[in-house]
Amino acid sequence: MIELTDIAYVRSGVADLDRAVRFATEVVGLEHVGSDEVGVAHLRADARHHCLAFVEGASGVIASAFTVADEDALALAETELETRGFHVWRGTAEDARTRRVGAVVGFDDPFGNRLELVCAQQSLGRPVVPGRASGITEFGHLCLDAPDVAEAHRFFSTTFNARASDWIGDAACLMRIDEVHHKLAVFRGDHPGLCHVNFQVAELDDVFRNWHHLQDLGVEIEMGPGRHPQSGAVFLYFLGPEGLTYEYSYGVRRITDEAAWRPRFFDPAERGSIDMWLGPTQKPITQPQLLPEGVRP
Ligand SMILES: O=C(O)c1cccc(O)c1O
Ligand SMILES: [Fe+2]
């Protein structure tokens, strides 16, 4: 089993690099880490050099990356994946440099998602310089699409140290690789892809301040503010350029007693299964006399 130590970055192709970078900095509140590289932009949320890299070219996710402990772990992972029948790409020194990692290997998961394993991801000592004070504290999780969520869980939990923290029927599986409720989620989708990238914010108020700010800017709010019953986080999903969905959330639970935790099974057909602030679907009251005094339908 390959031990993933953390999520590292998402690489995403963008047709309009400047627009994607402006949104990620001025709207989302990430830092654009300058470099001499042409056609690639590194976005920073925390101590990682970057957690999001936009690469000029065709729109769409290129790869989602996880860290392993060191070079030896990476070599073992490469061998393990090859033994399991995966074709493994070993990046060159330049591939590693543009990713700001010590070394990188890549492969396609059984569902067509390009995954990269890296070691020695560069950290930056200086404070993050956010493009806007959105309260982002860290890159929280990444969510992939796969046609069969149960199969995806089987893959990630047998090939790697991912454990199911909670299920939303056959629609989603939220998996942890450390104490955080989930760093990786898989949502059911007809095609491989990146469902969303999540950024944790410092305060509950940041979710709502960002909500107002995004509405003022005319950004499409996809869902929320709401509260996930799984991680307990208050969330807000919104749409960035070229189909990249961002999620702010605050208050993700940590699973500190590994032995005691049991995954829960939420029903995607239930309105509250992804947002516990949504009650059962209200049927319109057709008998006004049932309404409290002074309330009109
Ligand atoms: O945080 C969560 O619990 C969560 C649940 C469903 C979907 C998500 O994206 C989440 O982040
Ligand atoms: Fe999420």
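Residues numbered from 1 in each chain as written. Chains lettered and ligands numbered in written order. Predicted model: local features only at pLDDT ≥ 70, side-chain atom pairs only at ≥ 80, totals over all residues. Heavy atoms only, no water.

**Re the UniProt feature "domain: VOC" (unreviewed entry) in the protein chain**
Argument step 1. Per the UniProt record, "domain: VOC" (unreviewed entry) is found at residues 6-120 and 138-251.
Argument step 2. Secondary structure within residues 6-120 divides into 27% helix and 38% strand; the distance between the first and last C-alpha atoms comes to 11 Å.
Argument step 3. Spanning residues 138-251, this segment combines 22% helix with 46% strand, and its end C-alpha atoms are found 12 Å apart. (UniProt positions renumbered as here; feature names shortened; annotations may be inferred. Helix = DSSP H or I, 4+ residues; strand = E, 2+ residues; numbered from the N terminus.)

**Quick look at the sheet that holds strand 10 (residues 163-168)**
Argument step 1. Spatial strand order, 14-15-16-13-9-12-11-10-17: nine strands in an open sheet with mixed pairing. In this open sheet, the two edge strands, each paired with only one partner strand, are strand 14 (221-227) and strand 17 (264-266). Taking each pair of neighbouring strands and ignoring which way they run, the sheet shows an average axis angle of 20°.
Argument step 2. Relative to strand 12 (residues 184-188), strand 11 (residues 172-176) runs antiparallel, the two being bridged by four bridges. Bridge pairing links Ala172 to Phe187 in strand 12.
Argument step 3. Where helix 1 (residues 17-28) meets the sheet, its contacts fall on strand 9 (136-146), strand 15 (234-239) and strand 16 (245-250), and the angle it forms with strand 16 comes to roughly 25°.
Argument step 4. Against the sheet, helix 5 (residues 204-217) engages strand 13 (193-201), strand 14, strand 15 and strand 16, with an angle of about 25° to strand 15. (Pairing = 2+ DSSP bridges. Axes fitted to C-alpha atoms, helices over the stretch in contact; angles between N-to-C directions. Contact = heavy atoms within 4.5 Å.)

**A few points about the coordination of the iron ion (ligand 2)**
Four donors placed tetrahedrally around a metal ideally meet at 109.5 degrees, and six donors placed octahedrally ideally meet at 90 or 180 degrees.
Argument step 1. Distances from the iron ion (ligand 2) to its protein donors, namely His141 (NE2), His196 (NE2) and Glu247 (OE), fall within the range 2.1 to 2.2 Å.
Argument step 2. On the primary sequence, the residues serving as donors to the iron ion (ligand 2) are separated as H-x54-H-x50-E. Of this pair, His141 sits in strand 9 while His196 sits in strand 13, placing them 55 residues apart in sequence. Neither His141 nor His196 differs from the other in exposure class; each is buried. (Donors = N, O, S within 2.8 Å, 3.2 Å for Na, K, Ca; no water. Buried < 20%, exposed > 50% of the residue type's maximum accessible area, 1.4 Å probe, protein only.)

**Some thoughts on the site of ligand 1**
Argument step 1. Taken together, His141, Ile168, Leu174, His182, Phe187, His196, His228, Gln230, Ser231, Tyr237, Glu247 and Ile274 form the complete shell of residues around ligand 1.
Argument step 2. Here His196 contributes a side-chain N or O atom positioned 2.9 Å from an oxygen atom of ligand 1.
Argument step 3. A distance of 3.4 Å separates an oxygen atom of ligand 1 from a polar atom in the side chain of Glu247.
Argument step 4. When isolated, ligand 1 has an accessible area of 280 Å², and the protein chains bury 100% of it. (Near = heavy atom within 4 Å. Polar contact = N/O pair within 3.5 Å; in protein donor to acceptor, adjacent residues only side chain to side chain. Areas by Shrake-Rupley, 256 points an atom, 1.4 Å probe, with all protein chains shown as cover.)

**Topic: the sheet that holds strand 4 (residues 52-56)**
Argument step 1. With mixed pairing, eight strands are arranged side by side in an open sheet as 2-3-4-1-5-8-7-6. Since the sheet does not close on itself, it has two edges, and those belong to strand 2 (31-33) and strand 6 (89-90), each with one partner.
Argument step 2. Summarising the sheet, strand 5 (residues 60-67) and strand 8 (residues 114-119) pair through four bridges and their orientation is parallel. Paired with Ala65 across the strands is Glu116, a residue of strand 8.

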